[in-house]
Protein chains: 2
Amino acid sequence: MFDIIKKKRDGLELSQEEIQLLIDGLVAGTIPDYQISAFLMALYFRGMNDVETAYLTSAVLQSGEQIDLSDIEGVIVDKHSTGGVGDKTTIVLAPLVAAAGVPVAKMSGRGLGHTGGTIDKLESFDGFDVDISIPDFIQKVKTHQVALCGQSANLVPADKKLYALRDVTATINNRALITSSIMSKKLACGADAIVIDMKLGNGAFIQTLEKAEDLGQMMIRIGQKMNRQVAIIISAMDQPLGFSVGNALEVKEAIETLKGNGPDDLVELCLVLGANMLLFANKVKSLEEGKETLQQLLDNGTALQKFKELIQSQGGDITMVDQPNLLPCSSHSYTYNSPQSGYISQLSAFEIGRASVALGAGRITKKSKIDLGAGILLKKKIGDRVEAGEPLAILYAANQACFEKATSYLDLAYDFSDNKVTASPIIIKTL
Amino acid sequence: MFDIIKKKRDGLELSQEEIQLLIDGLVAGTIPDYQISAFLMALYFRGMNDVETAYLTSAVLQSGEQIDLSDIEGVIVDKHSTGGVGDKTTIVLAPLVAAAGVPVAKMSGRGLGHTGGTIDKLESFDGFDVDISIPDFIQKVKTHQVALCGQSANLVPADKKLYALRDVTATINNRALITSSIMSKKLACGADAIVIDMKLGNGAFIQTLEKAEDLGQMMIRIGQKMNRQVAIIISAMDQPLGFSVGNALEVKEAIETLKGNGPDDLVELCLVLGANMLLFANKVKSLEEGKETLQQLLDNGTALQKFKELIQSQGGDITMVDQPNLLPCSSHSYTYNSPQSGYISQLSAFEIGRASVALGAGRITKKSKIDLGAGILLKKKIGDRVEAGEPLAILYAANQACFEKATSYLDLAYDFSDNKVTASPIIIKTL
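The model shown is predicted, which means the values in this text are computed figures rather than measured ones. (Residues numbered from 1 in each chain as written. Chains lettered and ligands numbered in written order. Predicted model: local features only at pLDDT ≥ 70, side-chain atom pairs only at ≥ 80, totals over all residues. Heavy atoms only, no water.)

1. Observations concerning the overall build of chain A
Our working definition: Secondary structure elements are defined from DSSP: runs of H or I of at least 4 residues count as helices, runs of E of at least 2 residues count as strands, and each element is numbered from the N terminus. The globule rule used for comparison is 2.2 Å times the number of residues to the exponent 0.38, while the radius of gyration itself is calculated over C-alpha atoms. Throughout, exposure labels follow a simple rule: accessible area from a 1.4 Å probe, protein chains only, divided by the maximum for the residue type, with under 20% read as buried, over 50% as exposed, and the rest as partly exposed. Only heavy atoms matter for contacts: two residues are in contact if any of them lie within 4.5 Å across the pair. Computed with the Shrake-Rupley method and a 1.4 Å probe, the accessible areas treat only the protein chains shown as cover for residues. Lys and Arg are tallied as positive, Asp and Glu as negative. Neither His nor the chain termini are counted. Lysine's charge is taken at NZ, arginine's at CZ, aspartate's at CG and glutamate's at CD.
Along the backbone of chain A there are 17 helices and 13 strands. Taking 22 Å as the expected radius of gyration for a compact globule of 431 residues, we find that chain A reaches 22 Å, a close match to that expectation. With the C-alpha coordinates of chain A rotated into their principal frame, the extents come out at 65 × 45 × 40 Å. Residues counted as buried form 58% of the 431 residues belonging to chain A. A sequence separation of at least 24 residues applies to 79% of the contacts in chain A between residues at least 6 apart. As displayed, chain A offers around 16700 Å² of accessible surface, 47% of which is attributable to carbon and sulfur atoms. Of the charged side chains in chain A, 42 are positive and 51 negative, and the gap between their average positions amounts to 3 Å.

If you want it as structure tokens, here you go:
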């Protein structure tokens, strides 16, 4: 291991054997954490080329269980988001794409951060069960074209260990480590093709288009090496996606979107991501055709129907789909009013995310309990005209005490301009 | 700690508080090793400026016991070698400088590597005791002007922990870490001034003059910040120092040197290092005067007498000084003959060091037992003319089996030339 650290420190290329030895030793516990973390920091500075990254992805993938979805007919296309504030895309996309006849077998982790993950959010439905066995999961996809479940504990154990060390040693943000982490997880979940929603902006971990393109292109190349098609959609995360941030609040907005009444940015993102999924699944001949197909499924109620089918098939109460006011909602609310008049020129996703955590909607540690009813409902977004005293957002929390901290973040979130402002388009670039 | 790692990773300057927090957490065990090692690797790439390095030195120094030598009259000048093959300088220098009236209170660690350290070597004398208490140590210096003892276990605990991690994470070779490690140790041992023998060449960890100067200049600057005079003597370590490598073998050569019959390179190095020590102690007005003073003490037997006094005062058998053949010597010997005729153009200290370990003269781990009688006696050095079949070296070991591996390293150590070769001078530069 010393020689592997030294080699990477000196910028030399590691062999497949060396990378395998590293991952084997990591999982077996025979290489101590302090050597792994020194290696990660050396890698942070030196990087890995495509060949090394493909070997790393492969070794991490093979460190644990791999879900075999070959029983399911059709191309399994998975979607991954690099993480943003107010991102309820999966809740819309899964039934929408399934409604178009493409099987959606979605495994999802529980979230750490501003809100829970997709499976946390869907637990807003009474009875909805995400702890289903793999055979049951596969059977549900065969019957309903869609199922969602929590990630098996045995998937990519090497990634879990690496991530835990990266998280405490400031070595998260490295292209090769991010690529191998995402790709190994998606491949372990049985994906034939992968569409990645790469968030860019203050609410994401990627802050420049250059870095997003660089990371995205590496993912595409690593996908090629592993015989998987990969599409990268770089989308804006300078302000939250849609108007809701929080678990049940986001579910409500997703339901509205499935009813055809979604906010423009969320609808556009879902159509573009979904069209790419349909194209990879050979269901359509072009992205344009894909978007039209999906728009129809939203307009004619088929997507909403599929969503109800999904919720019901996993034990959830579908009366809550028709009556979203039955979904969890915090007992306390607070209206945050604009301190001044003008056009909103900034609405920081980063600060809104911090406010969301302060309200109890997110987990700080793995053991934190999420308040499903807490969160933020934005009334205005970038480019909107607002008058002093007019509501900018409504906050929800289990107790009044949360509002003071949350509003201190909101104070930092907004900027105003006397001149008209145009928000940047939601889709920045497709690779 | 995360923020400290991140700051260093991003090349920012750490504050005194941050460095203190790091060292306190390291010693208390509240910062896990995997964060320390990630920090060390970030530091390897980013370095530390003088201000940070002085804070680090100070924090490491204060992490444990500090020996108070203020009871001893005169300026306490310590000598440190960065480590080389056949380096028996301290055995000569300690009595030599003491004979000139400068108190020598020398604490020394046990060696890891090609041979033992100074105190290991001196244990070649029956009865010689290095485990003496600090008050006893100080009393001996007051009475005899010289004493040698093992390093107290409580000195610089932070350095011990840092070194153990650096050693297994490929982060030894960093200017700020080397400087703070050496300086904190010397200051903890009570040095008022420090003369550093910085070895340069294949048998040392520094391979270029540029790096030696860079490291040396930082040590001088950090010394200034801590009110200590520091002199840096850059000396050649492309071939072993003198003709002997091994513990008792080196003691024999040191005795010959104290009798005035030392090899040129060793004598010259001892005179230059010693003259710098005398100058710092205000015993002489110039280096030239210092060298002359010391040469006289070698020539007139005073230095040898002081050496006997040292050995006797710590319980050693001084009949072994007069009859060095009583010192340990391995039962097996092997003569390594020249494979060809010519001038020796290379005699790699690195390979000779490896051969020495193979013969049993060094420690591989802290728990290895040293064979005091094992080692190598060189018959020729760089620049010497040799005929094919003529002895190049005599090897000593406890069993025949060692010779095969040792000679395989010797095969790599030598190069020959048809043309005359001049060895590089022992003193390369003084800073």
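Let's pick the thread back up.
2. Focus: empty space enclosed by the protein
Residue and element names in this part refer to chain A. Where we set the bar: Here a cavity means grid points, on a 1 Å grid over the protein atoms only, where a 1.4 Å probe fits yet cannot get out; a pocket means an open set of points with protein on both sides within 12 Å along at least five of seven lines; lining residues are those with an atom within 4 Å of a point. Grid points are joined across faces, edges and corners, and a volume is the space filled by probe spheres set on the points. Note on residue categories: nonpolar means Ala, Val, Leu, Ile, Met, Phe, Trp, Tyr, Cys or Pro, charged means Asp, Glu, Lys or Arg, and polar means any other residue, Gly included.
Tallied over the full model, the rule gives three cavities of 30 Å³ or more. Each pocket or cavity is described by its volume, and for the largest cavity that value is around 120 Å³. Asp 78, Lys 79, Val 104, Lys 106 and Met 277 are the residues nearest the centre of the largest cavity, which is lined by 16 residues in total. Of all elements in the fold, only strand S1 (77–81), helix H5 (89–99) and strand S2 (104–108) reach the threshold of two or more residues within the lining of the largest cavity. Of the residues forming the lining of the largest cavity, the biggest block, four residues, is contributed by H5. Along the lines of polarity and charge, the residues of the lining of the largest cavity split into 11 nonpolar, two polar and three charged.

3. Description of the packing of aromatic side chains
Spelled out, the test is: Here the aromatic set is Phe, Tyr and Trp, taking the six-membered ring for Trp, and pairing holds for ring centres within 6.5 Å; pairs whose planes are under 30 degrees apart are stacked, those over 60 apart are edge-to-face, and all others are tilted. Comment: the charge-over-ring label is applied if NZ (Lys) or CZ (Arg) is within 6 Å of the ring centre and within 35 degrees of the ring normal.
Per the stated rule, a full pass over the model turns up 11 aromatic pairs over all chains. Ring plane angle 5° and centroid distance 4.4 Å describe the contact between A:Phe45 and B:Phe45, whose orientation is recorded as stacked. Of the two residues, A:Phe45 is situated in helix H3 (residues 33–46) and B:Phe45 in helix H3 (residues 33–46); the pairing between them involves two chains. What makes B:Phe45 partly exposed here is its relative accessible area of 24%. On the basis of an interplanar angle of 65° and a centroid distance of 5.8 Å, the ring pair of B:Phe125 and B:Phe307 is categorised as edge-to-face. One end of the pair, B:Phe125, is in the loop between helix H6 (118–122) and helix H7 (134–144); the other, B:Phe307, is in helix H14 (residues 302–313), and 182 residues separate them in sequence. For the pair shown, B:Phe125 and B:Phe307 are each scored as buried. Taken together through their ring pairs, the aromatic side chains of A:Tyr44, A:Phe45, B:Tyr44 and B:Phe45 make up a single cluster. Across from the ring centre of A:Phe243, 5.5 Å away, lies the NZ or CZ of A:Lys381, which sits over that ring.

4. Some remarks on the domain arrangement of chain A
Residues and elements named next belong to chain A. The condition that has to hold: The domain limits used here are those given by an automatic or database domain assignment. Buried area, as used here, totals the accessible surface that two parts lose on assembly, with accessibility defined by a 1.4 Å probe and the loss added over both. Salt bridges are counted wherever a side-chain nitrogen of Lys or Arg sits within 4 Å of a carboxyl oxygen of Asp or Glu.
In terms of domains, chain A is made up of domain 1 (2–47), domain 2 (77–153 + 187–322) and domain 3 (328–417). Spacing between the C-alpha centres of domain 2 and domain 3 amounts to 24 Å. Each side of the interface is counted separately: domain 2 has 29 residues, and domain 3 has 29 residues. Taken over both partners, the interface formed by domain 2 and domain 3 buries close to 2100 Å², and the fraction arising from carbon and sulfur atoms is 59%. Between Lys 381 and Asp 265 there is a salt bridge, and its shortest N-O distance comes to 2.7 Å. For the side of domain 2 that touches domain 3, the elements supplying multiple residues, two or more each, are strand S6 (244–246) and helix H11 (247–258). Counting residues per element, the side of domain 2 that touches domain 3 draws most heavily on H11, at four residues.

5. Focus on the interface of chain B and chain A
Think of interface size as the accessible area that goes away when the parts come together; that is how it is often given. The test is simple: Counting of polar contacts relies on pairs of N or O atoms within 3.5 Å, with two restrictions inside protein: one atom must be capable of donating a hydrogen and the other of accepting it, and residues adjacent in sequence are counted only when both atoms are side-chain atoms.
Opposite the 20 residues of chain B that make contact, chain A presents 20 residues. Buried area between chain B and chain A, summed over both chains or domains, comes out near 1800 Å², and the portion from carbon and sulfur atoms is 73%. On the chain B side of the interface with chain A, the three residues burying the most area are B:Arg9, B:Tyr34 and B:Phe45, jointly 35% of the side's total. Seen at the junction of chain B and chain A, the total is zero salt bridges. Where chain B packs against chain A, one counts nine residue pairs in polar contact (both at pLDDT 80 or more). Among the elements that make up the side of chain B that touches chain A, the one with the highest residue count is H3(B) (10 residues). In terms of residue class, the side of chain B that touches chain A is made up of 11 nonpolar, three polar and six charged.

6. As for the pattern of salt bridges
Applying the stated criterion across every chain yields a total of 48 salt bridges over all chains. Between A:Lys140 and A:Asp136 there is a salt bridge; the shortest N-O distance is 3.3 Å. One end of the pair is A:Lys140 and the other is A:Asp136, both in helix H7 (residues 134–144) and four residues apart, which spans about a single turn. Its relative accessible area of 14% is what places A:Lys140 among the buried residues. According to the relative accessible area criterion, A:Asp136 is partly exposed, its value standing at 30%. One salt bridge in this structure joins B:Glu351 and B:Arg354, with 3.1 Å as the shortest N-O distance. Of this pair, B:Glu351 and B:Arg354 both sit in helix H16 (residues 349–359), separated by three residues, roughly a single helical turn.

7. Remarks on the sheet that holds strand S10 (residues 385–386) of chain A
Residue and element names in this part refer to chain A. Our working rule: When DSSP finds two or more bridges between a pair of strands, those strands are recorded as paired. Think of each axis as a best-fit line through the C-alpha atoms, taken over the contacting stretch in the case of a helix, with angles from 0 to 180 degrees between the N-to-C directions.
The strand order across the open sheet built from three strands is S10-S8-S12, with neighbouring strands paired in antiparallel fashion. Each edge of the open sheet is held by one strand with a lone partner, namely S10 and strand S12 (414–417). Direction of pairing for strand S8 (residues 342–347) relative to S10: antiparallel, over a ladder of two bridges. The residue of S10 that forms the bridge with Tyr 343 is Arg 385. Packed on one face of the sheet, helix H17 (residues 402–413) meets S8 and S12 and runs near 35° to S12.

8. Examining the nonpolar core
We count it as follows: Among buried residues, the Ala, Val, Leu, Ile, Met, Phe, Trp, Tyr and Cys ones that are joined through side-chain atoms within 4.5 Å form a nonpolar core.
One finds A:Phe39 and B:Phe39 to be the most contacted residues of the largest nonpolar core, which totals 128 residues. Those residues in contact with A:Phe39 that lie beyond four places of it in its chain are A:Met1, A:Ile4, A:Ile5, A:Lys8, A:Leu14, A:Leu22 and A:Met48.

9. Quick look at the sheet that holds strand S5 (residues 229–236) of chain B
Either a parallel or an antiparallel arrangement is found when strands of a sheet pair, and the pairing is made through backbone hydrogen bonds. All names here are of chain B. As summarised here, the arrangement of the four strands in space is S1-S4-S5-S13, forming an open sheet in which the pairing is mixed. Where the open sheet ends on each side, the last strands, each with one partner, are strand S1 (77–81) and strand S13 (427–430). Mean inter-strand twist for the sheet, computed between neighbouring axes without regard to direction, equals 20°. By the bridge criterion, five bridges tie S1 to strand S4 (residues 193–200) in an arrangement that is parallel. Its bridge partner lying in S4, Val 77 is registered against Ala 193. Relative to S5, helix H10 (residues 209–225) is tilted by about 165°, and along the sheet it contacts S4, S5 and S13.

10. Digging into the relation of the copies chain B and chain A
Put simply, the test is: The copies were overlaid with a least-squares fit restricted to C-alpha atoms from residues scoring a pLDDT of at least 70 in each copy.
Placing chain B over chain A gives an RMSD of 0.0 Å and needs a rotation angle of 180°, together with 0.1 Å of translation along the axis. Look at the turn and shift together and you get a two-fold axis relating the two. Relative to the rotation axis, the closest C-alpha in chain B is found at B:Tyr34, a distance of 1.9 Å.

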